[in-house]
Amino acid sequence: MVEELVTAGVALASVGTVYVMSAARVVKQYERGVVFRLGRLRPTVREPGFTMIVPFVDRLQKVNMQIVTMPVPAQEGITRDNVTVRVDAVVYFKVTSAADAIVRVEDYRFAVSQMAQTSLRSIIGKSELDDLLANREKLNEGLELMIDSPAVEWGVTIDRVEIKDVSLPETMKRSMARQAEADRERRARVINADAELQASKKLAEAAQQMSEQPAALQLRLLQTVVAVAAEKNSTLVLPFPVELLRFLERAQQGAPPAPGALQPPHGAPQPQPQPQPQEIAESAPRQVPERES
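Calculation rules
Residues numbered from 1 in each chain as written. Predicted model: local features only at pLDDT ≥ 70, side-chain atom pairs only at ≥ 80, totals over all residues. Heavy atoms only, no water. Helix = DSSP H or I, 4+ residues; strand = E, 2+ residues; numbered from the N terminus. Buried < 20%, exposed > 50% of the residue type's maximum accessible area, 1.4 Å probe, protein only. Contact = heavy atoms within 4.5 Å. Areas by Shrake-Rupley, 256 points an atom, 1.4 Å probe, with all protein chains shown as cover. Core = buried A, V, L, I, M, F, W, Y, C linked by side-chain atoms within 4.5 Å. Pairing = 2+ DSSP bridges. Axes fitted to C-alpha atoms, helices over the stretch in contact; angles between N-to-C directions. Expected span 1.5 Å × (residues − 1). Arc of directions from axis to C-beta. Patch = residues over 30% accessible without salt bridge, like charges linked within 9 Å, V, L, I, M, F, W, Y side chains within 5 Å. Salt bridge = Lys/Arg side-chain N within 4 Å of Asp/Glu carboxyl O.

**Thoughts on the overall build of the protein**
In terms of regular secondary structure, the protein is built from nine helices and eight strands. In the protein, which comprises 293 residues, the share counted as buried stands at 21%. Put simply, of all contacts in the protein between residues at least 6 apart along the chain, 64% involve residues at least 24 apart. As displayed, the protein offers around 22600 Å² of accessible surface, 56% of which is attributable to carbon and sulfur atoms.

**Brief notes about the nonpolar core**
As a rule of thumb, nonpolar side chains are buried together in soluble globular proteins. In this structure, Val85, Val91, Phe93, Tyr108, Val156 and Ile158 are the most contacted members of the largest nonpolar core, which totals 37 residues. Ranked by residues supplied to this core, first place goes to helix 3 (residues 108-126) with seven residues. Not counting chain neighbours up to four residues away, the residues in contact with Val91 comprise Val68, Thr69, Met70, Val72, Val112, Ala116, Ile147, Ile158, Arg160 and Val161.

**Observations regarding the sheet that holds strand 8 (residues 156-167)**
Across the sheet, which stays open at both edges, the three strands sit in the order 6-7-8 with antiparallel pairing between neighbours. If you trace the sheet from one side to the other, it starts and ends with strand 6 (68-78) and strand 8, each paired once. Geometrically, the sheet is characterised by an average inter-axis angle of 25° between neighbouring strands, direction not taken into account. Pairing geometry for strand 6 and strand 7 (residues 84-95), over nine bridges, is antiparallel. Paired with Met70 across the two strands is Val91, which belongs to strand 7.

**Brief notes about the sheet that holds strand 5 (residues 58-64)**
Read from one edge to the other, the open sheet built from three strands follows the order 3-2-5, with strand pairing classed as antiparallel. Two strands lie at the open edges of the sheet, namely strand 3 (40-41) and strand 5, each paired on one side alone. As paired elements, strand 2 (residues 31-37) and strand 3 share two bridges and run antiparallel to each other. When the sheet's bridge partners are listed, Phe36 is paired in strand 3 with Leu41.

**A closer look at helix 5 (residues 136-151)**
Helix length check: helix 5, at 16 residues, gives a terminal C-alpha distance of 22 Å against a target of 22 Å (1.5 Å per residue), a fit within 8%. Turning to helix 5, its buried residues are Leu139, Asn140, Leu143, Ile147 and Ala151. For helix 5, the buried positions fall inside an angular range of 105° around the axis, keeping them on one side. Seen from the buried face of helix 5, the exposed residues on the opposite side, beyond 90 degrees, are Glu137, Lys138, Glu141, Leu145 and Ser149.

**Examining a nonpolar patch on the surface**
Among the surface-exposed residues, Tyr19, Val20, Val26, Phe50 and Met52 lie close enough to one another that they form a single nonpolar patch of about 490 Å² accessible area. Secondary structure elements with two or more residues in the nonpolar patch: helix 1 (2-23) and strand 4 (49-52). On the secondary structure map, Tyr19 appears in helix 1.

**Looking at unusual backbone geometry**
Trans peptide bonds make up the majority, and among non-glycine residues the majority have a negative phi. Even without a glycine there, the phi angle at Phe56 is positive, about 65°. Although it is not a glycine, Asn82 sits at a positive phi angle of roughly 60°. Locating Asn82 in the fold gives a position in the loop between strand 6 and strand 7. Asn82 sits in the exposed class, given a relative accessible area of 67%.

**Overview of the side chain of Thr79**
For Thr79, the position within the fold is in the loop between strand 6 and strand 7. Discounting chain neighbours no more than four positions away, the residues touching Thr79 are Val85, Ile124, Gly125, Ser127, Glu128, Leu129 and Leu132.

**Considerations on the pattern of salt bridges**
Two side chains with opposite charge may pair up if their charged atoms get near one another. The tally for this structure, following the rule as stated, stands at 10 salt bridges. Arg32 serves as the salt-bridge partner of Glu47, at 3.5 Å between the closest nitrogen and oxygen. Of this pair, Glu47 sits in the loop between strand 3 and strand 4 while Arg32 sits in strand 2, and the two are 15 residues apart along the sequence. Arg32 sits in the partly exposed class, given a relative accessible area of 22%. With a shortest N-O distance of 2.7 Å, Asp58 and Arg37 are connected by a salt bridge. With a gap of 21 residues between them, Asp58 in strand 5 and Arg37 in strand 2 connect regions that are remote in the sequence. What you see here is one network of salt bridges that share partners, running through Asp183, Arg186 and Arg187.

**Re the side chain of Ser119**
Relative to the helices and strands, Ser119 resides in helix 3. Residue Ser119 is classed as buried on the basis of its relative accessible area, which comes to 3%. If we skip the residues at most four places from it in the chain, Ser119 touches Leu143, Met146 and Ile147.

**Description of the pairing of strand 2**
Within strand 2, five of the seven residues are buried, which leaves it mostly tucked inside the rest of the structure. In textbook terms, the turn of a hairpin is the stretch between consecutive antiparallel strands, and for strand 2 and strand 3 this stretch comprises two residues, one of which, Leu38, has a positive phi near 55°.

Quick look at the structure:
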């Protein structure tokens, strides 16, 4: 009798151990457990930690509540200004209602991926090329709203959407490069013309100031000569005004000999001044033409 009771106790303990092992479940911190009892959804969602279910009657399905990063495959489309582009993006979303994510949609990841691709193609068709290149923040907000509207019913919340890259055809890239180069050249010419205008005004003021003091022009000339002569590998050609040569010639003809200049010895013949061409012409005898008889 005792042996039968011991055997029954051991068997009961074994059955209890198997039951506990079959019913025991562990839900991680970033997960939530959805329980189906005989195919019906239980209203209580199992929180993280240790939990028990009825073996062979309940079925526990775990749902990840972390933020999911899902890349959107590159979509090719035509913009509103008839430019073919290829755009890819990335979607960040998370599950807010574990029960809705399991019951309302078959596969919420696949549903969000397809909705993101469709919305991205729609955004490409509604936007212009300049918006895709410059106003990405605005397009990201519009794309997020388009994906988030149906995803709310699935128990999913779109955290953010980012457009990663916009690929353009090579011909369009070359055209944009030429446009940018022409625009920069235009701005360079405008800046250069403005600089010339300012320089001409300053030169006009300098010329007016130098006209009052003629010596300033000579000083400016000497400064230019000094600046050019600093280069050892250059040949300097100095323009000399003809008026200055004439002034020196007249000063040499009318000026007395300097006190320290050498005088010819006493009794030596004095050098005769050279006759000028006009004096030679006047001293030459005139020939009188003979009259015909």
